[in-house]
Amino acid sequence: MKTTDKYKHDWQEQLAKCIRCGTCRSVCPVFAVTGNENSTARGKVRLIEAVTEGDLELTHEMQQRISQCLMCKACVTGCPSSVKTDWLFLDARKALAEENSVPFMKKLAFTSLTYRWLFEKALGAGTLLQRLVLKDSPDGRGMVSRIPLPAAGLNARRIIPPLATKPLRSNPLVLKPRGPRRARVAFFTGCMLNYVYPDAGKAIVDILVHNGIEVTLPIDQYCCGTPAFTSGDFPVGRYLAERNIEALSKQPLDAIITGCPSCGLALKHEYGHIIDDPRLKEKWTEIATKVHDITQFLVEIGHREDFHEVKLKLTYHDPCHLVRGMGVSQEPRQMLKAIPGIDFVEMAHADECCGAGGTFSLSYYDISRQINDKKLDAAQDTNAQVLVTGCSVCRMHIDDGLSRRQGTIKVRHTAEILAAAYRIPGKEVIS
Amino acid sequence: MRPPVIEELSSLVGREYVMDKLEDRICYSCDATFRSGVPEVVVRPGSVEEIMGIVRLASRRGIPITPRGASTGLSGGAVPIKGGICLDLTRLNRILEIDVVNRVATVEPGVITDDLASAVSRAGLFYPPDPSSSKVCTIGGNIAECAGGPRGVKYGVTRDYVLGLEVVLPSGDLVQVGNPVDGEMSGPDWTMLLVGSEGTLGIVTRIFLRLVDKPATKKTLLAVFETLEDAATSVSTLIASGTIPTTLEIMDNLTIRAVEDYLKVGLPVAAEAILLIEVDGAPSAVEKHCDHVIAVCKRCNASDIQVAETEDQADKLWRARRAISPACGRINPTKISEDATVPRSQLPAMVRRIKEIATKYDLKMVVFGHAGDGNLHPNILTNKHNLEEMQRVERAIEELFRCTLELGGTLSGEHGIGYMKAPFLEWETGRDGFALARQVKDSVDPKGLLNPGKMFSAISQQIT
Ligand SMILES: Cc1cc2nc3c(=O)[nH]c(=O)nc-3n(C[C@H](O)[C@H](O)[C@H](O)COP(=O)(O)OP(=O)(O)OC[C@H]3O[C@@H](n4cnc5c(N)ncnc54)[C@H](O)[C@@H]3O)c2cc1C
Ligand code: SF4
Ligand code: SF4
């Protein structure tokens, strides 16, 4: 059977809902830079429609256009006709990957995500290895590539934080709460918090413990699979999803906490779209209801208010997958504003994409940078000392941008500010 | 498109702005109507000189050109149904000047309507035309369609603000009609002819717009009715009694529910119809008008009347109004929007007829629109894949057109003719009127290359 014929039926309902009004032109960050209809949701929906009508094959050219998209969901929430463009684009990526295959280097990277132990081994060597490939950036924000490695997602100009010599999950695997136990949760770390920003990951654990929560870090959790399935690699994405569902359903849990919005979104919503096996889907449904972003969870259970003064001027950036994916935007603000001494200033367009878009920034660095520059302008206009956000990918991209313009704003995960306010040892006040 | 043409176009505008891959051409094949037409090449010029060059080339080689703004048109104007060149004008998007002293804005055609309105507002003045698509559509497209909007009742439509235009003719020559001073010109009003010409007579490259004073205050009201007719009667009564609100929008029950489902702004989902009314002006006048509006609506059986207390509340209501048309996609996927306009005194009759037609052909139809203008947007919600139903839709549309004309109305209040209404145009103009228009078109565009298949260049349907 032709790839198209396999999926045609699933797509038609959403395709028919697109009334071509063009409203998505006013919300798409990529279109704002390119001005080209081929980057709008309407354009991509047209392409998918043309495929189902037999006017277009699943070509490489189409694959390129469908992947020139941040998966930021601005067109989903912005679509008055409620077209599930995110699902359409995911599905199209899947079909295109089946037809044309996933680019080889990306594929390799996903395979090592699957074999987590391999990744961790490679990382062990990686800390040595990265010295060979990367050199420290002049301002100490991270490292820049010595040689351009586009296929590996590295760009000679891009600043990558050094990989942690000790990943977060090498910490003890069950952490007892401070005081009586209020709940028992699993912390799904995700790759970024585990390997790149373990301090932020640790802050999440610490504030949970401080709030009387028992935290486990399931040893057999894998990458959430987002980089794989958003690139159309559903087999790997599905494999990872299945492993994670198994890992998270082994023990009774009151909640599953994420500090990475893409992991949260995957666990809470996207898995439902990529898993086929009905038995697993049932298990997943149970898990999905438990998934909470860290601030969402703390606000819901009623967090401790023993905040100490933190004298900082802050602004907040809404990660796409947190605000539109998980529907969390007030919770972090509410908590940050409750800290004495915090001067909270909203930046303009706080909920617009920062341009990172996972692997998007690797493939389309220039567009990604232009989108990011708007974010940086908005942030700098607030004169804040620290930009707080709930996503490590946003953090990395914003930090990269700041470094390139010698900006003085520091970027931190929401949990790190909260940990500092709780005066958790080792979490000194920033700045 | 043959390689030499692509090469020539590339040398005019740069290779990256000439797109001849099928994938890109498909992205440029539609507007907000349901038919598609894939252009042979998409060209995105960045200057007037480039446009002149492209038009000359097309004229020399006999290639059709379909101008394109944001492609939000509701009658198919920007669909390249004859292939050829799709001329995307959105790179010409500079606001060249806002002259506060003389109250004139000079803009390029690709400027987004909302961007202009905000810039004018920041300069302390007011540009009233407010099509619901204003966050997306372009001034060029507004000129070409003579777009209206909710404020049309009091402030008129795009035409009322155009002082002059700079236009590239089908020959590739550049002319200016009207002027930035007072819009007056020796001789006939050529500007009038070009406004609403849907890209069939020339390509608008620069626009001089009249600006007005910002109203001192405004107030938004929401009146709830138990029947659509009562709402329509309120409108005609209001206008007859001499109060001209800034806006007077009608929404029926299905529309209310679709919008509420999308935006959740607290619209009364149980209401059969609502009127959204805004009055503006000096504070004392606003109060007086407001009282009068409330009195009239009550007399016409309004079951509830709410006055928006804060700007935020008012904003929400207008956001809801803007979202109607696209939100209807939630009900049924294919949306055929008509834009029949009747004299305001005939509004209650028109509403009744629309409902009868919906029942007769067993179709899902929603009604909303700029009631204050007599401009209703009966939308048929259907599914283009259901062929049997689509046939009923066609018959319903014909009947709708016929009854609009019978009630002394016009086929298009503001959405234009495009390919969609072209077959029916002669019903409205009459045979002689149509022939005259055709002559005008032929003399301006003898080769028939500018937006072929639209308006007067399409085949008419026999009057039955
Ligand atoms: C959700 C929604 C709400 C709408 N609400 C309203 C409303 O309230 N009132 C209203 O009047 N319309 C409304 N419309 C219709 C549409 O937005 C208007 O007709 C608008 O003016 C089209 O502008 P555009 O830039 O999208 O033009 P396009 O659709 O790109 O083009 C429209 C026509 O203009 C021609 N054209 C474009 N630019 C030029 C140029 N520079 N020179 C010559 N010809 C040109 C094209 O060839 C085409 O014939 C709505 C549409 C949508 C989808
Ligand atoms: S906003 Fe939604 S319905 Fe409108 S064109 Fe975009 S995807 Fe289609
Ligand atoms: S997901 Fe974001 S980048 Fe992709 S089409 Fe939608 S708005 Fe544009």
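Note that the structure is predicted; figures quoted are calculated from it, not measured. Each residue is numbered by its place in its chain's sequence as written, counting from 1. Naming scheme: in the order in which they are written, chains are lettered from A and ligands are numbered from 1. Per-residue local features are limited, in this predicted model, to residues with pLDDT of at least 70; the limit for side-chain atom pairs, both in listing and counting, is 80 or more; totals at the level of whole chains, interfaces and linings are taken over all residues. Only heavy atoms go into the side-chain values, all of them from the structure, while hydrogens and water stay out.

**Brief notes about the site of ligand 2**
Next up, step 1: The full set of residues close to ligand 2 is A:Cys18, A:Ile19, A:Arg20, A:Cys21, A:Gly22, A:Thr23, A:Cys24, A:Arg42, A:Cys79, A:Pro80 and A:Ser81.
Next up, step 2: Here the shell around ligand 2 is built from residues that sort into six nonpolar, three polar and two charged. Any residue with a non-hydrogen atom lying within 4 Å of a molecule or strand is treated as near it. Gly is put with the polar residues, along with every residue not named as nonpolar or charged; the nonpolar set is Ala, Val, Leu, Ile, Met, Phe, Trp, Tyr, Cys and Pro, and the charged set is Asp, Glu, Lys and Arg.

**Focus: the packing of helix α3 (residues 41-52) of chain A against helix α6 (residues 85-100) of chain A**
Any two packed helices are characterised by how steeply their axes cross, that is the angle between the axes, and by the distance between the axes.
Residue and element names in this part refer to chain A.
Next up, step 1: Look at α3 against α6: their axes get within 11 Å of each other, and the N-to-C directions meet at 50°. Judged on the interaxial angle alone, α6 and α3 are oblique. With respect to the hand of their crossing, α3 and α6 are arranged in left-handed fashion. Two secondary-structure elements touch here, α3 through Ala-41, Lys-44, Val-45 and Ile-48 and α6 through Thr-85, Leu-88, Phe-89 and Ala-92. As a rule, the C-alpha atoms of each element are fitted with a line to give its axis, helices using only the stretch in contact, and angles between N-to-C directions run from 0 to 180 degrees. Every helix listed is a DSSP run of H or I at least four residues long, and every strand listed is a run of E at least two residues long, numbered separately from the N terminus. For classification, angles of less than 35 degrees are called roughly parallel, those exceeding 145 degrees roughly antiparallel, those between 65 and 115 degrees roughly perpendicular, and all remaining angles oblique. Crossing handedness is defined as follows: a turn of the near helix away from the far one that is anticlockwise and smaller than a right angle gives a left-handed crossing, while the clockwise case is right-handed. Residues count as neighbours in contact if any of their non-hydrogen atoms are within 4.5 Å of one another.

**Here's the deal with the nonpolar core**
Next up, step 1: Residues A:Leu208 and A:Tyr271 are the most contacted members of the largest nonpolar core, which totals 100 residues.
Next up, step 2: At seven residues, helix α10 (residues 198-210) of chain A tops the list of elements feeding residues into this core.
Next up, step 3: The residues touching A:Leu208, leaving out its near neighbours within four places in the chain, are A:Val185, A:Ile213, A:Val215, A:Ile257, A:Ile294, A:Phe297 and A:Leu298.
Next up, step 4: To form a nonpolar core, buried Ala, Val, Leu, Ile, Met, Phe, Trp, Tyr and Cys residues must be joined to one another through side-chain atoms within 4.5 Å. Using a 1.4 Å probe on the protein chains alone, a residue whose accessible area is under 20% of its type maximum counts as buried, one over 50% counts as exposed, and one in between counts as partly exposed. B:Cys297, B:Ile354, B:Met365 and B:Trp427 belong to the second-largest nonpolar core, a separate cluster that totals 55 residues.

**So, the side chain of B:Thr106**
Residues and elements named next belong to chain B.
Next up, step 1: Looking at the secondary structure, you find Thr-106 in strand β6 (residues 104-107).
Next up, step 2: The exposure class of Thr-106 is buried, given its relative accessible area of 9%.
Next up, step 3: What Thr-106 contacts, discounting residues up to four positions off in sequence, is Ile-95, Leu-96, Glu-97, Arg-206, Ile-207 and Phe-208.

**Some remarks on helix α10 (residues 283-299) of chain B**
Residues and elements named next belong to chain B.
Next up, step 1: Spanning 17 residues, α10 covers 25 Å between terminal C-alpha atoms, matching the ideal 24 Å at 1.5 Å per step.
Next up, step 2: Looking at the buried side of α10, the elements it contacts are β12 (217-225), α8 (228-240), β14 (273-281) and β15 (304-307).
Next up, step 3: Among the residues trailing α10, Asn-301 stands out with phi positive, at a value near 75°. By definition here, a helix of n residues has an expected span of 1.5 Å times n minus one.

**A few points about a nonpolar patch on the surface**
Next up, step 1: Like charges within 9 Å and nonpolar side chains (Val, Leu, Ile, Met, Phe, Trp, Tyr) within 5 Å are joined into patches, using only residues over 30% in relative accessible area that form no salt bridge. Method for areas: the Shrake-Rupley scheme with a 1.4 Å probe, in which residue coverage is limited to the protein chains shown. The salt bridge criterion pairs a side-chain nitrogen of Lys or Arg with a carboxyl oxygen of Asp or Glu, the two atoms within 4 Å. A cluster of nonpolar side chains, namely A:Leu173, A:Val174 and A:Ile219, defines an oily patch on the protein surface of about 230 Å² accessible area.
Next up, step 2: Mapped onto the fold, A:Val174 is located in strand β4 (residues 174-175).

**What about the packing of aromatic side chains?**
Next up, step 1: We call Phe, Tyr and Trp rings a pair once their centres come within 6.5 Å, taking the six-membered ring for Trp, and we label the pair stacked below 30 degrees between planes, edge-to-face above 60, and tilted otherwise. Tallying each qualifying case throughout the model produces eight aromatic pairs over all chains.
Next up, step 2: Where B:Phe424 meets B:Trp427, the ring centres are 5.1 Å apart and the plane angle is 80°; that geometry is what we call edge-to-face. B:Trp427 carries the same exposure label as B:Phe424, and that label is buried.
Next up, step 3: Chaining the aromatic ring pairs together yields one cluster made of B:Phe401, B:Phe424 and B:Trp427.
Next up, step 4: Any Lys NZ or Arg CZ found within 6 Å of a ring centre and within 35 degrees of that ring's normal is scored as a charge over the ring. Note that A:Lys84 overlies the ring of A:Trp87, its terminal NZ or CZ placed 5.5 Å from the centroid.
Next up, step 5: A cation sits over an aromatic face here: B:Arg35 above B:Tyr419, 4.9 Å from the ring centre.

**So, the confidence of the model for chain A**
As a note on interpretation, predicted positions should not be read in detail where pLDDT is low.
All names here are of chain A.
Next up, step 1: As a per-residue measure, pLDDT reflects the predictor's confidence and takes values from 0 up to 100. Confidence along chain A averages 86 in pLDDT terms, with 83% of residues attaining 70 or more.
Next up, step 2: Residue range residues 124-133 is modelled with pLDDT below 50. Its contacts to residues more than four positions away, or to other chains, number 15 contacts.
Next up, step 3: Across residues 145-156, where pLDDT falls below 50, the model places 22 contacts with residues more than four positions away in sequence or in other chains.

**So, the sheet that holds β12(B)**
Residues and elements named next belong to chain B.
Next up, step 1: An order of β15-β12-β14-β13-β17-β18-β16 is seen for the seven strands of this open sheet, with the pairing classed as antiparallel. What marks the edges here is a single partner per strand, and that holds for β15 and β16 (334-337). Sheet twist, expressed as the average angle between the axes of neighbouring strands with direction ignored, equals 20°.
Next up, step 2: Two strands form a pair only when DSSP identifies at least two bridges running between them. The pairing of strand β17 (residues 364-370) with strand β18 (residues 375-382) spans seven bridges and is classified as antiparallel. Across the sheet, Met-365 pairs through a bridge with Ile-380, a residue of β18.
Next up, step 3: Sitting on the sheet, helix α9 (residues 253-263) is in contact with β13 (247-252), β14 and β17, with an inclination near 95° to β13.
Next up, step 4: Where α10 meets the sheet, it contacts β12, β14 and β15, and its direction lies at approximately 5° from that of β12.

**Focus on the environment of A:Ile417**
Next up, step 1: Relative to the assigned elements, A:Ile417 resides in helix α21 (residues 414-421).
Next up, step 2: Each C-alpha atom, one on A:Ile417 and one on A:Val388, is 8.0 Å from the other, the two residues being 29 residues apart in sequence.

**What about the site of ligand 1?**
Residues and elements named next belong to chain B.
Next up, step 1: Around ligand 1, the structure places 37 residues, and the nearest of them are Pro-67, Gly-69, Thr-72, Ser-133 and Thr-138.
Next up, step 2: Contact between ligand 1 and Pro-67: an oxygen atom at 2.7 Å from a main-chain N or O atom of the residue.
Next up, step 3: Throughout this description, a polar contact denotes any pair of N or O atoms lying within 3.5 Å of each other; where both atoms belong to protein, one of them has to be capable of donating a hydrogen while the other can accept it, and for residues adjacent in sequence the pair is counted only when both atoms sit in side chains. Note that an oxygen atom of ligand 1 is positioned 2.6 Å from one of the side-chain N or O atoms of Thr-138.
Next up, step 4: Computed on the free molecule, ligand 1 has an accessible area of 970 Å², of which 98% lies beneath the protein chains in the complex.
Next up, step 5: If one sorts the elements of the shell around ligand 1 by residue count, helix α5 (residues 139-145) sits on top with five residues.
Next up, step 6: Considering only residue class, the shell around ligand 1 consists of 15 nonpolar, 18 polar and four charged.

**Topic: the pairing of strand β7 (residues 255-258) of chain A**
All names here are of chain A.
Next up, step 1: What you see with β7 is no split at all: Ala-255 and Ile-257 on one side and Ile-256 and Thr-258 on the other are buried throughout.
Next up, step 2: Both strand β5 (residues 183-188) and β7 contribute to a ladder of four bridges, which runs parallel. Bridge pairing in β7 places Ala-186 opposite Ile-256.
Next up, step 3: Looking at chain direction, β7 and strand β8 (residues 291-293) are connected through three bridges and run parallel. The residue bridging Ile-257 from the neighbouring strand is His-292, located in β8.

**Concerning the interface of chain A and chain B**
Next up, step 1: Chain A puts 32 residues into the contact, and the matching count from chain B is 36 residues.
Next up, step 2: We define buried area as the total accessible area lost by two parts upon association, computed with a 1.4 Å probe and summed across both. For the pairing of chain A and chain B, the buried interface totals around 2,600 Å² over both sides, and the portion due to carbon and sulfur atoms is 54%.
Next up, step 3: It is A:Ile19, A:Arg20 and A:Pro80 that lose the most area in chain A upon contact with chain B, and together they represent 23% of the buried surface on that side.
Next up, step 4: At the boundary of chain A and chain B, one finds three salt bridges.
Next up, step 5: Among the salt bridges present, the one from A:Glu61 reaches B:Lys21, with a minimum N-O distance of 3.6 Å.
Next up, step 6: Summed over the shared surface of chain A and chain B, the result is 16 residue pairs in polar contact (both at pLDDT 80 or more).
Next up, step 7: Going through the elements one at a time, α1 (3-17), α3 and α4 (60-67) of chain A are the ones with two or more residues in the side of chain A that touches chain B.
Next up, step 8: Examining the composition of the side of chain A that touches chain B, we find that six residues originate from one element, α3(A), more than from any other.
Next up, step 9: The class makeup of the residues in the side of chain A that touches chain B is nine nonpolar, 13 polar and 10 charged.

**As for the confidence of the model for chain B**
Next up, step 1: In this model, chain B carries a mean pLDDT of 91, and residues with pLDDT of at least 70 account for 98%.
Next up, step 2: Reported for the predicted complex are a pTM of 0.90 and an ipTM of 0.90.

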